[in-house]
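As a plain string of letters, each chain reads:
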Amino acid sequence: MSSTTAVRIARRRTLRVAAAALTAAAALSLTACSGSDTAAAKPAGQPGTGVGAEGGGVGSSGTGGADSSAGAQGTDAQGDKAKSGSGNGTSSHTGSGSGSGGTASRAGSGDGAAKSGGKSTFCRTSDLVMEAVNSSPDQKTGDVTVQMTNKGGRTCSAAGFAGVDIKDLDGTSAPVHRGGEQPRITDLKPGDTATFSISYKVDFGGDSLAHPSNLIVTPPNETHSVTLKWPADALKLAGPYDEKIQVHPVGIAN
């Protein structure tokens, strides 16, 4: 073999080794890049795994973060429900306070009614026997008194103002205004009688057009009324039906 041929063979071997080395280096580089990409993609593709849980990065800003936010909203919602429940409780409490006399008080005439002295419930209309009588002390003062006797079997309260309308012979009716007195505690035992009066201006000229025929009476804190006859011997009422006619609070009969 000549020296020239030997040199050529040596060069070819050197080139092959260099090419093999380059190929191996390229393969290692691709493997490293592929491994790095896989490692980077794995936590994002699998939220809640070791990397996300420990590092708090992907898990916190990704699905884990959304879960945390949802959890916070859930807590706030529960807090709002608790507040709402508390508000409802307050409303419920207020409602029960009104139930103890609010609605019935307005429907009857118990606005500003005195409270019962003990644990007595308010007298129902059906518990009371009522009658209107002339109570004018003289011929100059118009006054009609309504007597209410407890015919029930329990003590009840008639405290407050009764609702009163005067009905005229022509079929019209007008409400009677309240006086300025303060209601008193009025508890009626079975058989006891309470009274309230209606004061009015007397007609001395005989030219009044007011001709009362009936009283429509609703006991304090009640909604059911009864119709009573206007006393035949009552002094002539001077019209019109206005604030000069007044009803006074209920009290225990003497």
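Residues numbered from 1 in each chain as written. Predicted model: local features only at pLDDT ≥ 70, side-chain atom pairs only at ≥ 80, totals over all residues. Heavy atoms only, no water.

Draft legend 1. Representation of the overall build of the protein. Across its full length, the protein holds 5 helices and 13 strands. Per-residue burial over the protein gives 30% buried out of 254 residues. Considering only residue pairs separated by 6 or more positions, the protein has 77% of its internal contacts joining residues 24 or more positions apart. For the protein, the exposed area adds up to about 15400 Å²; of that, 54% sits on carbon and sulfur atoms. (Helix = DSSP H or I, 4+ residues; strand = E, 2+ residues; numbered from the N terminus. Buried < 20%, exposed > 50% of the residue type's maximum accessible area, 1.4 Å probe, protein only. Contact = heavy atoms within 4.5 Å. Areas by Shrake-Rupley, 256 points an atom, 1.4 Å probe, with all protein chains shown as cover.)

Draft legend 2. Region of the structure containing the nonpolar core. With 30 residues, the main nonpolar core has Met 148, Val 164, Phe 196, Ile 198, Tyr 200, Leu 215 and Trp 230 as its most contacted residues. At 4 residues, the largest contribution of residues to this core is made by strand E9 (residues 193-200). (Core = buried A, V, L, I, M, F, W, Y, C linked by side-chain atoms within 4.5 Å.)

Draft legend 3. Spatial organisation of the packing of aromatic side chains. For the coordinates displayed, the defined rule picks out 1 aromatic pair. Here the aromatic rings of Tyr 200 and Trp 230 are separated by 5.6 Å at their centres, their planes lie at 55°, and the arrangement is tilted. Of this pair, Tyr 200 sits in strand E9 while Trp 230 is found in the loop between strand E11 (226-229) and strand E12 (246-247), placing the two residues 30 residues apart along the sequence. With a relative accessible area of 6%, Tyr 200 lands in the buried category. (Phe/Tyr/Trp six-rings, centres within 6.5 Å; stacked < 30°, edge-to-face > 60°.)

Draft legend 4. Looking closely at the pattern of salt bridges. In the structure shown here, the tally under the stated rule is 1 salt bridge. One salt bridge in this structure joins Asp 127 and Arg 154, with 3.3 Å as the shortest N-O distance. On the criterion of sequence distance, the pair formed by Asp 127 in the loop between strand E1 (121-122) and strand E2 (128-134) and Arg 154 in the loop between strand E3 (142-150) and strand E4 (156-157) is long-range, its members being 27 residues apart. For Asp 127, a relative accessible area of 14% translates into the label buried. (Salt bridge = Lys/Arg side-chain N within 4 Å of Asp/Glu carboxyl O.)

Draft legend 5. Highlighting the environment of Thr 218. Structurally, Thr 218 can be placed in strand E10 (residues 212-218). Placed 55 residues apart in sequence, Thr 218 and Gly 163 show a C-alpha to C-alpha distance of 4.8 Å.

Draft legend 6. Molecular detail of the side chain of Asp 168. As for its position among the elements, Asp 168 is in strand E5 (residues 163-168). Among buried Asp, Glu, Lys and Arg side chains, Asp 168 stands out as unpaired, with Lys 236 the closest opposite charge at 7.7 Å. Separated by 2.5 Å, the side chains of Asp 168 and Tyr 241 make a polar contact. (Lys, Arg positive; Asp, Glu negative; His and termini not counted. Polar contact = N/O pair within 3.5 Å; in protein donor to acceptor, adjacent residues only side chain to side chain.)

Draft legend 7. Quick look at the pairing of E3. Burial runs high along E3: 7 of the 9 residues are buried. Across 7 bridges, the pairing between E2 and E3 is antiparallel. Its bridge partner lying in E3, Ala 132 is registered against Val 146. As judged from the 8 bridges shared by E3 and E9, these two strands associate in the antiparallel manner. From the neighbouring strand, Val 144 faces E9, where its bridge partner is Ile 198. (Pairing = 2+ DSSP bridges.)

Draft legend 8. Main features of the environment of Tyr 241. Structurally, Tyr 241 is set in the loop between E11 and E12. A relative accessible area of 25% places Tyr 241 in the partly exposed class. Put simply, Tyr 241 and Lys 167 are 74 residues apart on the chain and 10.0 Å apart in space, counted from C-alpha to C-alpha. Separated by 3.4 Å, the side chain of Tyr 241 and the backbone nitrogen of His 211 make a polar contact.

Draft legend 9. Up close: the sheet that holds strand E6 (residues 173-175). Reading across the sheet, the 4 strands line up as E6-E5-E10-E11 and stay open at both edges, with antiparallel pairing between neighbours. The open sheet has two edge strands, E6 and E11, and neither has a second partner. The average angle at which neighbouring strand axes cross in this sheet is 25°, direction not considered. Where E5 and E6 come together, 3 bridges link them in antiparallel fashion. Looking across to E6, one finds that Asp 165 is bridged to Pro 175. (Axes fitted to C-alpha atoms, helices over the stretch in contact; angles between N-to-C directions.)

Draft legend 10. Main features of the state of the cysteines. In the structure shown here, the tally under the stated rule is 1 disulfide. Between the sulfur atoms of Cys 123 and its disulfide mate Cys 156 the distance is 2.0 Å. Across the S-S bond linking Cys 123 and Cys 156, the dihedral sits near 90°, which makes this disulfide right-handed. With a gap of 33 residues between them, Cys 123 in the loop between E1 and E2 and Cys 156 in strand E4 connect regions that are remote in the sequence. For the pair shown, Cys 123 and Cys 156 are each scored as buried. (Disulfide = S-S within 2.5 Å.)

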